[in-house]
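Chains, contacts and geometry: an overview
Residue-level listing of the chains:
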Amino acid sequence: MSRANRFDVIIIGTGAGGGTLAYALAPSGKRILILERGDYVPREQDNWSTRAVNVEGKYQTKELWRDKDGEELHPHTNYYVGGNTKFYGAALFRLRKEDFGDLRHYGGISPAWPIRYEDMEPYYTKAERLYQVHGERGSDPTEPPASGPYPFPPVSHEPRIQQLSDDLRRLGATPFHVPLGILLDEKNRRKSKCIRCLTCDGHPCLVNAKSDAQVLCVDPALEHPNVSLLTNAYVSRLETSPSGREVRKVVVQRDGATEEYSADVVVVSCGAINSAALLLRSANDRHPNGLANRSDVVGRHYMGHVNSVLMAISKCPNPTVFQKTLGLNDFYFASKDWEYPMGHISFVGKLDGVTLSAGAPRLVPGFTLDLMAKHSLDFWLTSEDLPDPDNRVTIDREGNIVLTYAPNNEEGHTRLVAKLEGLMKQQAKCLAHGHECHQGLFARNLFVGQRIPLAGVAHQNGTIRFGRDPKTSALDVNCKAHDLDNLYVVDASFFVSSAAVNPALTIMANALRVGDHLLERLR
Ligand SMILES: Cc1cc2nc3c(=O)[nH]c(=O)nc-3n(C[C@H](O)[C@H](O)[C@H](O)COP(=O)(O)OP(=O)(O)OC[C@H]3O[C@@H](n4cnc5c(N)ncnc54)[C@H](O)[C@@H]3O)c2cc1C
Ligand code: SF4
């Protein structure tokens, strides 16, 4: 292989994991090649169009996967520089300290991670700084101990959300400000990069004011002369040395041609589903079940959370623009009402009539979709799904992705929904409509017919789990494959359990942790 195609490190994928790792390794001076199957998100008006984004799915991959029955699956995922962080809601949570240990759930045990919260803590702090998280330490009762404050103050609530927060407090709950990665300066709005708009969650940021992996990590990494990026570079296969102990070739499809690259260290970070698929596609004589898969766990234990979007509709309007500021974790763990965890409550970006119009609507009597969206608080509920070896990513004969998933541990989620409904019913009387103001809680999927739950892979994780025992895990504690000497995985694949908060900050923090290990190794 020519010297031009030989590197010290190759990183495949530029999302929360790969982008953050590139940033961490860039100052080392090592020759680093970043390979990304997508391009930069085009900066255009449609970035902020709910029709283009939510109805037409303009930026989603057009790739087709299959479910276990061979039915087509249109995955809600995005292939761009910055990965899914270009589209995320930027709610940047630490896992809870307890999430790192065994946790008893109604549906079974959520297993312990091979590292403790304390091992990750310094990297959470670094990741919060790097991604400029705005939050309020100490206001979330389940928040784990932290060695420093959030680098930026919390994002303020708009009046309707503040009213909800006050109401919840009156009912004895402890709402808090969601930690958010948006480059908002509320003290100096004239100079603030973020303009606090309606189209953040699910959209790319037209003004590059979201703390995403492209803006904050990949672009700065590329300012180092030793770092280069190839876009539209799809990695189709990894090939090993004859012994099988080393990845020797990274095979890339680009501009209709096949290219080959090599490096001392190869890091896979394609997202939990694509990374598992890549390792499975790379099976050879030494690794007949797929690369790094002597344990037979690669592709297994797929998790993606039990999620719901619930609209609480009231007679009074909700004029909120940026809605994702409030969270509630009072039901995250076992409580006096129930001995098992239920999960996390927060918000999605404000829904509008256009978004709701995608699919066959079932209307609440007296409301049009537009009116309904103007009168809704749009909650996001997350509960933990448990790692089931039969929930898995496989590939078909042509190498296409097949996703098999049976939801589990749903009872906690059902109870979480009931908790929210109970709280909403007890809201303070509104001056105009009294208690009759609250019309009820409605699942967004009632209105958005095209939403296929399995295709909602936004929180995908767990498919290449890390652990100390090579028989039950594919990666060691440094996220190096047990079976190979130079292969690492730093996206959401390494999760052992999914916890019930959003995953991105943990992926970023872990990439920084693995980055420290790699800097040591490359010295
Ligand atoms: C709409 C939406 C909202 C979300 N909101 C939040 C939130 O508020 N908070 C939160 O914590 N999380 C949120 N998430 C989830 C979060 O974005 C992901 O957890 C995170 O981006 C995953 O990081 P990753 O590195 O594992 O993968 P990704 O970010 O998906 O990155 C993988 C990268 O690999 C590339 N790639 C894939 N296959 C190949 C290949 N074969 N060759 C080369 N490149 C390849 C992809 O193009 C992509 O750039 C949201 C996700 C979505 C879609
Ligand atoms: S709210 Fe801020 S960060 Fe989000 S899309 Fe709008 S301007 Fe960008």
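Scroll up for the structure.
About the criteria used
Residues numbered from 1 in each chain as written. Chains lettered and ligands numbered in written order. Predicted model: local features only at pLDDT ≥ 70, side-chain atom pairs only at ≥ 80, totals over all residues. Heavy atoms only, no water. Helix = DSSP H or I, 4+ residues; strand = E, 2+ residues; numbered from the N terminus. Expected span 1.5 Å × (residues − 1). Buried < 20%, exposed > 50% of the residue type's maximum accessible area, 1.4 Å probe, protein only. Axes fitted to C-alpha atoms, helices over the stretch in contact; angles between N-to-C directions. Parallel < 35°, antiparallel > 145°, perpendicular 65-115°, else oblique. Left-handed = near helix turned anticlockwise from the far one by under 90°. Contact = heavy atoms within 4.5 Å. Nonpolar A, V, L, I, M, F, W, Y, C, P; charged D, E, K, R; others polar. Near = heavy atom within 4 Å. 1 Å grid on protein atoms, 1.4 Å probe; cavity = no way out; pocket = protein on both sides within 12 Å on 5 of 7 lines; lining within 4 Å. Sits in = over half its atoms within 2 Å of the grid points. Polar contact = N/O pair within 3.5 Å; in protein donor to acceptor, adjacent residues only side chain to side chain. Areas by Shrake-Rupley, 256 points an atom, 1.4 Å probe, with all protein chains shown as cover.

Every α-helical turn comprises 3.6 residues, leaving residues that sit three or four positions apart pointing alike. The end-to-end C-alpha distance of helix α11 (residues 504-522), which contains 19 residues, comes to 26 Å, matching closely the 27 Å that a straight helix rising 1.5 Å per residue would cover. In terms of residue burial, α11 counts as a mostly covered element, since 14 of its 19 residues are buried.

Further remarks concern unusual backbone geometry. Its identity as a non-glycine residue notwithstanding, D255 has a phi of 50°, on the positive side. For D255, the location among the structural elements is in the loop between β10 (247-254) and β11 (257-268). Relative accessible area serves as the criterion here: at 70%, D255 is assigned to the exposed category. For H305, which is not glycine, the phi torsion reads 75° and is therefore positive. Structurally, the position occupied by H305 is in the loop between α6 (272-281) and β12 (306-314). The class for H305 is buried, based on a relative accessible area of 6%.

Helix α5 (residues 213-222) packs onto helix α1 (residues 16-25) with a crossing angle of 40° between their chain directions and a minimal axis gap of 8 Å. Taken together, α1 and α5 sit at an angle that is classed as oblique. Seen from above, α1 lies across α5 with left-handed handedness. Note on element contacts: α5 touches α1 through A213, L216, C217, V218, P220 and A221, opposite A16, G19, T20, A22 and Y23. Each residue belonging to the contact of α1 with α5 can be placed in one class, and the counts come to nine nonpolar, two polar and no charged.

Another point: the site of ligand 2. Contacts to ligand 2 come from 13 residues, most closely from C194, C197, C200, C205 and A209. Spatially, ligand 2 is embedded in the largest cavity. Here the shell around ligand 2 is built from residues that sort into ten nonpolar, one polar and two charged.

Near ligand 1 you find 37 residues, and of these G17, E36, N84, A91 and A504 are the closest. Contact distances for ligand 1 include 2.9 Å between an oxygen atom and a backbone N or O atom of G17. In this structure, an oxygen atom belonging to ligand 1 sits 3.0 Å away from a main-chain N or O atom of A492. A total of 1,000 Å² of accessible area belongs to ligand 1 in isolation, and the protein chains cover 94% of it. For the shell around ligand 1, the secondary-structure elements that each account for two or more residues are α1, β9 (234-240) and α11. Tallied by class, residues from the shell around ligand 1 come to 18 nonpolar, 14 polar and five charged.

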